Amino acid sequence: MVKPYQHLLDTEFLSKEEMQSLLSRARFFEEHHEEGTNMFQNRFVANLFFEPSTRTRFSFEVAEKRLGLNVLNFSEEVSSTTKGETMYDTVKLLSSIGVETVVIRHRDEKLIAELAKQDTGCTFINAGAGSWAHPTQALLDLYTIQQQFGDEIRGLRVAIIGDLKHSRVVRSNIWSLQKFGAEVVVSGPPMMRDAEIEKQAPYVEFEEAIRSSDVVMLLRVQLERHEQNLFEGSEAYLQSYGMTQERFAQMKSHAILMHPAPMNRGVEIADEVVEHPRSKIFTQMYNGVWTRMAVLERAYVERGGH
Amino acid sequence: MVKPYQHLLDTEFLSKEEMQSLLSRARFFEEHHEEGTNMFQNRFVANLFFEPSTRTRFSFEVAEKRLGLNVLNFSEEVSSTTKGETMYDTVKLLSSIGVETVVIRHRDEKLIAELAKQDTGCTFINAGAGSWAHPTQALLDLYTIQQQFGDEIRGLRVAIIGDLKHSRVVRSNIWSLQKFGAEVVVSGPPMMRDAEIEKQAPYVEFEEAIRSSDVVMLLRVQLERHEQNLFEGSEAYLQSYGMTQERFAQMKSHAILMHPAPMNRGVEIADEVVEHPRSKIFTQMYNGVWTRMAVLERAYVERGGH
Amino acid sequence: MVKPYQHLLDTEFLSKEEMQSLLSRARFFEEHHEEGTNMFQNRFVANLFFEPSTRTRFSFEVAEKRLGLNVLNFSEEVSSTTKGETMYDTVKLLSSIGVETVVIRHRDEKLIAELAKQDTGCTFINAGAGSWAHPTQALLDLYTIQQQFGDEIRGLRVAIIGDLKHSRVVRSNIWSLQKFGAEVVVSGPPMMRDAEIEKQAPYVEFEEAIRSSDVVMLLRVQLERHEQNLFEGSEAYLQSYGMTQERFAQMKSHAILMHPAPMNRGVEIADEVVEHPRSKIFTQMYNGVWTRMAVLERAYVERGGH
């Protein structure tokens, strides 16, 4: 019997228990590097990246190949006018030729959720939906925080700092962290604030956010997306709102620094702190593989045997 | 002993017996999903797509990986001025590094046939030659028709309808269907007629073609290729020459609808009929994998052991 | 115990013994096609090609897959302004997600050497550094020469002829050939001479170089890179400085012709000589796979067990 498809659309739609179960499997894969291998041989996955992304695509591809999946890659930057209708046919084609799970990144925030409502035969994994959601990033962030502070992260203060308006990871992280009982606050430059996000997590003054948090999660600043040249160059941004060595020194002595990458060194983060022992940026990338293996495993297991 | 290479250039050069043999193997692969797997491990195939094609490339890639082949992908849109001479060197390179079969799509109609005449060491599979030929599409269409009507399709009337001038599947389908004894007719808008094609299969008035045929095969309309804006938008085309619900209702009660995809929904086909039970469009895509596995198997088996 | 990474930066940094050891392994792989297969299963390699290169990328990809490696491909032409800093983060990401060896081609001559100095966790293989170096080409050339003349190539005269200014293979070949005791001379049109290269190997008049050498190694002419239109078309170049049939006939009766490809037929080489029995151009491509397998094997073996 085939169970209903268990898409991964966003952390909003996962219970704490479901997330904990995924993280447990991620830990299993991390601790037994060879175990997953060949779990789903002769089965197919497609990576459809309609926005450029070397990092996330490679992380998924490693996870997929570790599970023994056959991988089809498609990368193309498309205009936002590409019709959902066309995507439906593309995805039905993939299903017809034997693809079971489709990993998608697309600038259209609603596209993946719309596809998931339809009878396409595919399980969807959201690898980045516009500026809206990036659930596997949130899961690997959660995994990284648990690795540091233990399974019970209730009461930890997590500050998400930076370009709140244009980041796809903020909402996904708020949903998952709050379900685990963390206190999430947001901060950043005034012109990058976002009223909708501040309904979910309170805005805290910048220096205060850094000093008071157990986890400081920086966001990539996308200066090119801002209408005005708000800062006179990246050095000005770093001094005003970046993670300088001075600010890093003000963090709690046990606090960790995170960043979803890619980083703008010298803009939102100073070179010197990127590889500090309490910076977990490359650890996050490492953890991404195990987390995505867990998400993929769930997709294939839920579909039933081959 | 190595047999001479058995390229797949077009259905024109395959006997009915050869095609039936390929379709039998396709059926075998469909009925035994796991059988082909790893048949040709440690051997290499290259997909050279000089025109964009997600669908056909993915269909071949799934077929190749199901057979255990190692796949090299190359996709690049090239100008028509790329010299055949250069292609010869490219293909000799591939042969030199161990590639045995090359799947090619190219806008130059004669390129693949010319390569096949030379001593390159490669077996060629035509994955689309300009507006001229697309033999694996014709084979999967034939497979789909046999699936519906039984092996003996003699006497069936198949109507190929639409943009006869710019379709690469018309000739390939006429060759294969006529060898199996089907009666092929063509139809479509007056400005899309093609005198050469009508020497091979008679033109029948549009509504008559729809009402009288056992198989209605629509072609993709490439409005952008037409010199004049012949219709005022796609809706006008659909009403005049598209497969509307009304026209679908006029088809024989057992007749099936086919389309090589990608479709222009709302142009040559109305949304509502795409997934009608007697529309075999997604079935064609499904069948493409097994058919291409058969074609690839033939290429490797004919080359002898590794 | 993990040994220090043994990058392949250039033949300049390999001793004769190291090179001979690589060539011995290449011969082993050539003689036992199936032996290498699956040697490094469940391990990952990334091909980062920042300059277009179908040939070299495919040659590496075949070598990698023959060794059982999981392959991640990235190809993108980038502007020269891409920061090394960014590359460091990219490569750290790759290391974090499990990539052990990175095969890079980049127009920045110094990039790979700079990356190799840093603590990235990756072993680097230079697949082409600007106009500076292309060590795997030099190794496969050396392999091809040994195949023809025996292991002891001391005293052979090798003439490297053509566009000395813009070729990435000249320096790499001079380093390796001189370490094996070959006498290397260079030649070519006056406007393509390079003073730095002529400090390493003497310039010899063109016709003299052809007549007196045991190995004639042609370089690709990149007419588009030259500031002036120095010749009136390719025919003029061929007649003045190309390998015509007449010049080929003047080579020693045992001398072989080589070219790193891609060739400009009718520019630096006449069609008629490309596949002459003493032209080893396609043999070089064939040998490239075994040589690159040896280089990759060294990278993985040196890193220790998985």
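Residues numbered from 1 in each chain as written. Chains lettered and ligands numbered in written order. Predicted model: local features only at pLDDT ≥ 70, side-chain atom pairs only at ≥ 80, totals over all residues. Heavy atoms only, no water.

You'll find chain A entered in an unreviewed UniProt entry as Aspartate carbamoyltransferase, with Baia soyae given as the organism. Taken verbatim from the UniProt record of chain A, the Pathway (unreviewed entry) comment is "Pyrimidine metabolism; UMP biosynthesis via de novo pathway; (S)-dihydroorotate from bicarbonate: step 2/3." In its Function (unreviewed entry) section, UniProt records this for chain A: "Catalyzes the condensation of carbamoyl phosphate and aspartate to form carbamoyl aspartate and inorganic phosphate, the committed step in the de novo pyrimidine nucleotide biosynthesis pathway." (UniProt positions renumbered as here; feature names shortened; annotations may be inferred.)

**Examining the confidence of the model for chain A**
Here chain A shows a mean pLDDT of 91. Residues at 70 or above account for 91%. Counting interchain partners and residues more than four positions distant, the pLDDT-below-50 stretch residues 79–84 of chain A has two contacts. (pLDDT = per-residue confidence, 0-100. Contact = heavy atoms within 4.5 Å.)

**So, the interface of chain B and chain A**
Buried accessible area, meaning the area lost when the parts come together, often serves as the stated size of an interface. Counting from both sides, the interface comprises 19 residues of chain B and, opposite them, 18 residues of chain A. Surface buried jointly by chain B and chain A totals about 1,800 Å² across both partners, of which 59% is contributed by carbon and sulfur atoms. The interface formed by chain B and chain A holds two salt bridges in total. Its salt-bridge partner being Glu275(B), residue Lys92(A) comes within 3.3 Å of it at the nearest N-O pair. For the pair chain B and chain A, the number of links is five residue pairs in polar contact (both at pLDDT 80 or more). Going through the elements one at a time, helix 2 (54–66) and helix 12 (281–302) of chain B are the ones with two or more residues in the side of chain B that touches chain A. Ranked by residues supplied to the side of chain B that touches chain A, first place goes to helix 2 of chain B with nine residues. Partitioned by chemical class, the residues of the side of chain B that touches chain A number seven nonpolar, three polar and nine charged. (Buried area = accessible area lost by both parts, 1.4 Å probe. Salt bridge = Lys/Arg side-chain N within 4 Å of Asp/Glu carboxyl O. Polar contact = N/O pair within 3.5 Å; in protein donor to acceptor, adjacent residues only side chain to side chain. Helix = DSSP H or I, 4+ residues; strand = E, 2+ residues; numbered from the N terminus. Nonpolar A, V, L, I, M, F, W, Y, C, P; charged D, E, K, R; others polar.)

**Some thoughts on the relation of the copies chain B and chain A**
Mapping chain B onto chain A leaves a residual RMSD of 0.0 Å; the transformation is a rotation of 120° accompanied by 0.0 Å of translation along its axis. The superposition of one copy onto the other is thereby described by a three-fold rotation axis. Closest to the rotation axis within chain B is the C-alpha of Asn73(B), separated from it by 5.8 Å. (Least-squares fit on C-alpha atoms with pLDDT ≥ 70 in both.)

**Brief notes about the interface of chain A and chain C**
Contacts between chain A and chain C engage 19 residues on the former and 18 residues on the latter. At the surface where chain A touches chain C, the tally comes to two salt bridges. Along the contact surface separating chain A from chain C lie five residue pairs in polar contact (both at pLDDT 80 or more). Sorting the residues of the side of chain A that touches chain C by element identifies helix 2 (54–66) and helix 12 (281–302) of chain A as the ones contributing at least two each. In terms of residue count, the dominant contributor to the side of chain A that touches chain C is helix 2 of chain A (nine residues). Considering only residue class, the side of chain A that touches chain C consists of seven nonpolar, three polar and nine charged.

**Considering the pairing of strand 1 (residues 44–49) of chain B**
Looking down a regular strand, the side chains alternate between one sheet face and the other. All names here are of chain B. Of all six residues in strand 1, six are buried; the element is thus mostly enclosed. Of the two faces of strand 1, both are covered, the one formed by Phe 44, Ala 46 and Leu 48 as well as the one formed by Val 45, Asn 47 and Phe 49. Note that strand 1 and strand 2 (residues 70–75) share six bridges and pair parallel. Pairing of Phe 49 across the sheet is with Ser 75, part of strand 2. Chirality of the crossover, the property in question, places the unit of strand 1, helix 2 and strand 2 among those that are right-handed. (Buried < 20%, exposed > 50% of the residue type's maximum accessible area, 1.4 Å probe, protein only. Pairing = 2+ DSSP bridges. Right-handed = clockwise from strand over helix to strand, strands pointing away.)

**Quick look at the sheet that holds strand 1 of chain B**
Residue and element names in this part refer to chain B. One open sheet holds the four strands; their spatial order is 2-1-3-4, and the pairing between them is parallel. Of all strands in the sheet, those with a lone pairing partner are strand 2 and strand 4 (123–129), marking the two edges. The average undirected angle you get between the axes of adjacent strands in this sheet is 15°. Of the strands in this sheet, strand 1, strand 2, strand 3 (99–106) and strand 4 are in contact with helix 2, which crosses strand 1 at around 180°. Along the sheet, helix 12 makes contact with strand 1, strand 3 and strand 4, crossing strand 3 at roughly 140°. (Axes fitted to C-alpha atoms, helices over the stretch in contact; angles between N-to-C directions.)

**A look at the packing of helix 1 (residues 16–31) of chain B against helix 5 (residues 135–149) of chain B**
For any two helices packed against each other, one specifies the crossing angle of their axes together with the interaxial distance. Residues and elements named next belong to chain B. Taken N-terminus to C-terminus, the directions of helix 1 and helix 5 make an angle of 70°; their axes are 10 Å apart at the nearest point. Comparing their axes, helix 5 and helix 1 come out roughly perpendicular. For the pair formed by helix 1 and helix 5, the contact residues are Met 19, Gln 20, Leu 22, Leu 23, Ala 26, Arg 27 and Glu 30 on the first element and Leu 139, Leu 142, Tyr 143, Gln 146 and Gln 147 on the second. Counted by class, the contact of helix 1 with helix 5 contains seven nonpolar, three polar and two charged residues. (Parallel < 35°, antiparallel > 145°, perpendicular 65-115°, else oblique.)

**So, the UniProt feature "binding site: carbamoyl phosphate" (unreviewed entry) in chain A**
All names here are of chain A. When the UniProt feature table is mapped to this numbering, "binding site: carbamoyl phosphate" (unreviewed entry) covers Arg 55, Thr 56, Arg 105, His 134, Gln 137, Ala 261 and Pro 262. In this structure, Arg 105 sits in strand 3 (residues 99–106). With residues near it in sequence (within four places) discarded, Arg 105 still touches Leu 48, Phe 49, Phe 50, Glu 51, Pro 52, Ser 53, Thr 56, Ala 127, Gly 128, His 134 and Arg 168. What Ala 261 contacts, discounting residues up to four positions off in sequence, is Arg 55 and Met 285.

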